[in-house]
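A look at the structure
Letter by letter, the chains look like this.
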Amino acid sequence: MSQGFRLDGGGETLVFLTTEAGAPRLVYWGPDLGPADPVPALARLSLRAIPHGMLDGGERLTWLPEAGQGFTGHPGLLAHRDGAELVTQMTLAASELAPGAAHLVLEDAAAAVRLSLTLALDAASGVLSSRAALTNLGTEPLTLDWLAAGAFDSPHADLLLFDGRWTREFIPVRQTLSTGLIAKENRTGRTSHHAPPFAVIGESGFGEIHGEAIGLHLAWSGDHRIFAERLRDGRIQVQAGELLHSGEVILAPGETYETPALYLARSACGLNGLSDRFHPFVRDVILGGRLRGKTRPVHYNGWEAIYFDHDLATLKTLADLAAEAGAERYVLDDGWFKGRPDDRSGLGDWSVDPAKYPDGLTPLIDHVRGLGLEFGLWVEPEMANADSDLLRAHPDWILGDPGRDQPLGRGQYVLDLTRPEVSDNLFGQLDALLSQNAIGYLKWDMNRDLTHALSGGRAAVHRQTLAVYALIDRLRAAHPGVEIESCSSGGGRADYEILRRTDRIWTSDCNDPIERQAIQRGFSIFFPPEVMGSHVGAAASHTTARTASLDLRAMTALPAHMGIEADLRAFSDAERAALAAAIAVHKTLRAELHAGRTLRLEHPDPGCLAFAQLGETLGLVSAAQVATPLTVGLLPLRLVGLEPEATYEITMVNPPERPFAVMKRRIPLVKGDVLRATGLMLAQLGLPLPVMRAGEIAVFRLERVAP
């Protein structure tokens, strides 16, 4: 390994060059280079001219660039000992190579540190994982301010970052890096609604189906930082890592800090190519295959039906209606525990409210299970209200500075899970709840940001995040049959590390299908549909006050992990029948859709958001008109991802009820005809769409009927 090494997987080759001084440098990431050794040629090709006005060695951009090696951009390591900046000039001390993996150890005796880099390329998906670990070899404490999980040189300058807010998550924002540094930071103590820990950098104008793109996902549920920086020599470096607060990580002699895992994938065909890599990786590596072939039950969640107004007779009626509609899991949301008439009290006391449930949850659970539904329950273990028995007994259990007023969020405080007695108390309450009741599912919520999150006088977001993981892990070990949903005011905690220990992500608190189409589009780049919670809400949206048809609401939820969140008593008989029909369609397709490909399609009308979800033999194509069309009719929708020579049988799932209101001539699919065409025809000519007004959707079922 005097010159370098290669990693192969997923039809990709990565080549790193190594020297005795410093971390390896990524010089090639592209299609598989075959059996010949590419290192000598790439070593020569990667030599760059060094102009006057720069250091003699130029900008030494490695997988962990060091200021002490002459790198003048943002370094990959920032640390100090009692205020004296750490200057490192690491040398390669050891290396271990295996197929698709490399572990390198670098040391600096003068700085008294050891750096370990672990790289692995998944053989099936071609997703690269990278971690860095820093060990303090000195006799004095070492304060760590920044350690990148990895840094690479991007040949492209177009950035796709993600913005948003509560009820409008995962909104893509395009920027071109012309000069300086563009950073996306999160300081909320969860992945946030406005700065989730993922990004894409690609060639100019890359889109869903074209252009080279590199996607990165930092698997961490706390604070993080992702940035791209244009260097003086024109190169662009990209780094990602945990955002550490002042004094948060102080390594005692011999202690080690390890970064979260950074996952990266390259696509030669736009964002869809990234999903083709990330989705199988999530299924097989992040989830460990535990959802493969496992039916994702249709949910009924009663939150937007009853809120805090719990009445056993009402809940039973809703369960009856949910079962009739085809639901398979009934989730009792907030308000079931004692002292909880609203969101200002009760959090922290995880026992059943005797006023609302004098006989406990058993009568409701028995009724729900008697209908053939699994029973699930909402909890928010990381939080407590001041008005709770827990905080009356332990007012010092709040995460924060004891000498300061803690800003409230939703009327609640964050509990200091870094303290064993706090975590033990919460585990005991939840363990008893699950042991004493037939509960198969927990909706695990987290409804406020962390502010001046201190424990023992030191910043504690890092330790708090690890403590959340440990609590969930402990609970899953004690109750392995219980599934857990990650919810944080909707999509405020969505990343691969929380997904390792959960089974579903509540994508957003917004059930408005117009908003959901865009939210789910951004989410789908990195997450497969079976973990994307999506519910059919009420006609008038709780969060936007916009009214949408049942057709749009149901068809928007149908391809994902489908559910219902509405007062079904307010539905007409016809609406309940239509909902049941949509759920029945979902059940015929979910096995294939939840194991297949998700492709975001591009339509010339920007207000037409289209998807194709393709299984082995069955598929679903949807085109939602979320804004008034720019033209009187919609151009055909070109389909990608189909086998060119195969023949597909196409039917329309939801033909319009009033087609003559907007169409003088209806296309055959709208009239109920079956269309047969090859994949090549559908890619070149496209699928004809009906005339649609804003708020309407066309959904088609595809079946491959011939090779």
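Let me sum up the structure you'll find in this document.

This part is about the environment of Ala98. With respect to the helices and strands, Ala98 occurs in strand 6 (residues 91-98). The partly exposed category is assigned to Ala98, whose relative accessible area is 41%. Separated by 22 residues in the primary sequence, Ala98 and Ala120 place their C-alpha atoms 9.2 Å from one another.

Our next topic: the sheet that holds strand 10 (residues 142-147). In spatial order, the strands read 5-4-10-19; together these four strands make up an open sheet with antiparallel pairing. Single-partner strands in this sheet number two, and they are strand 5 (84-85) and strand 19 (249-251). Sheet analysis places strand 10 next to strand 19, joined by three bridges and oriented antiparallel. Looking at strand 19, one finds that Leu144 is bridged to Val249.

This next bit is on the packing of helix 4 (residues 312-325) against helix 12 (residues 573-593). Relative orientation and spacing of two packed helices are given, respectively, by the angle between their axes and the distance between those axes. Remark: helix 4 packs on helix 12, axes separated minimally by 8 Å, with the N-to-C direction vectors making an angle of 55 degrees. Regarding the angle of helix 4 to helix 12, the classification is oblique. Taking contact as the criterion, the partners of Leu321, Glu324 and Ala325 in helix 4 are, on helix 12, Arg576, Leu579, Ala580 and Ile583. Classifying every residue of the contact of helix 4 with helix 12 gives five nonpolar, no polar and two charged.

So, on to helix 10 (residues 513-523). Burial analysis of helix 10 places ten of its eleven residues in the buried class, the great majority of the element. Residues of helix 10 that are buried include every one of Pro513, Ile514, Glu515, Arg516, Gln517, Ile519, Gln520, Arg521, Gly522 and Phe523, and no others. For helix 10, the N-terminal cap is Asp512; the gap from its side-chain oxygen to the backbone nitrogen of Ile514 is 2.9 Å.

A word on the packing of aromatic side chains. With the rule as written, the count across this model stands at 26 aromatic pairs. Ring centres of Trp336 and Phe337 lie 5.2 Å apart, and the angle between their planes is 75 degrees; this geometry places the pair in the edge-to-face category. The residue whose ring lies beneath Arg174 is Phe206, and the NZ or CZ to ring-centre distance is 4.1 Å. Here Arg474 stacks its cationic end above the ring of Phe427, 4.0 Å away from the centre of that ring.

Taken together, the eight strands give a closed barrel; going around it, the order is 22-23-24-27-30-31-32-33, and neighbouring strands pair in parallel fashion. Sheet twist, expressed as the average angle between the axes of neighbouring strands with direction ignored, equals 30 degrees. Relative to strand 33 (residues 561-564), strand 22 (residues 299-301) runs parallel, the two sharing two bridges. Looking at the pairing, Tyr300 lines up with Ile564 of strand 33.

Before going further, it helps to examine the nonpolar core. The biggest cluster of nonpolar side chains holds 140 residues, and the ones touching the most others in it are Tyr330 and Trp336. Within the second largest apolar cluster, 33 residues are counted, among which are Leu160, Leu287, Ile505 and Cys510.

A few words on empty space enclosed by the protein. Scanning the model with the defined rule gives six cavities of 30 Å³ or more in all. As for the largest cavity, its lining consists of 14 residues, and the residues nearest its centre are Gln520, Met532, Pro559, Phe611 and Gln613. Elements with a contribution of two residues or more to the lining of the largest cavity: helix 10, helix 11 (550-557) and strand 35 (608-614). Broken down by class, the residue content of the lining of the largest cavity amounts to seven nonpolar, seven polar and no charged. Put simply, the second largest cavity is a space of about 80 Å³. Lining the second largest cavity are 13 residues, and of these Gly189, Glu382, Thr465, Val468 and Arg493 lie nearest its centre. Sort the elements by how many residues they give to the lining of the second largest cavity and helix 8 (residues 461-478) lands first, with five residues. Classifying every residue of the lining of the second largest cavity gives seven nonpolar, four polar and two charged.

Rules behind the numbers
- Residues numbered from 1 in each chain as written.
- Predicted model: local features only at pLDDT ≥ 70, side-chain atom pairs only at ≥ 80, totals over all residues.
- Heavy atoms only, no water.
- Helix = DSSP H or I, 4+ residues; strand = E, 2+ residues; numbered from the N terminus.
- Buried < 20%, exposed > 50% of the residue type's maximum accessible area, 1.4 Å probe, protein only.
- Pairing = 2+ DSSP bridges.
- Axes fitted to C-alpha atoms, helices over the stretch in contact; angles between N-to-C directions.
- Parallel < 35°, antiparallel > 145°, perpendicular 65-115°, else oblique.
- Contact = heavy atoms within 4.5 Å.
- Nonpolar A, V, L, I, M, F, W, Y, C, P; charged D, E, K, R; others polar.
- Polar contact = N/O pair within 3.5 Å; in protein donor to acceptor, adjacent residues only side chain to side chain.
- Phe/Tyr/Trp six-rings, centres within 6.5 Å; stacked < 30°, edge-to-face > 60°.
- Lys NZ or Arg CZ within 6 Å of the ring centre and 35° of its normal.
- Core = buried A, V, L, I, M, F, W, Y, C linked by side-chain atoms within 4.5 Å.
- 1 Å grid on protein atoms, 1.4 Å probe; cavity = no way out; pocket = protein on both sides within 12 Å on 5 of 7 lines; lining within 4 Å.
- Points joined across faces, edges and corners; volume = space filled by probe spheres on them.

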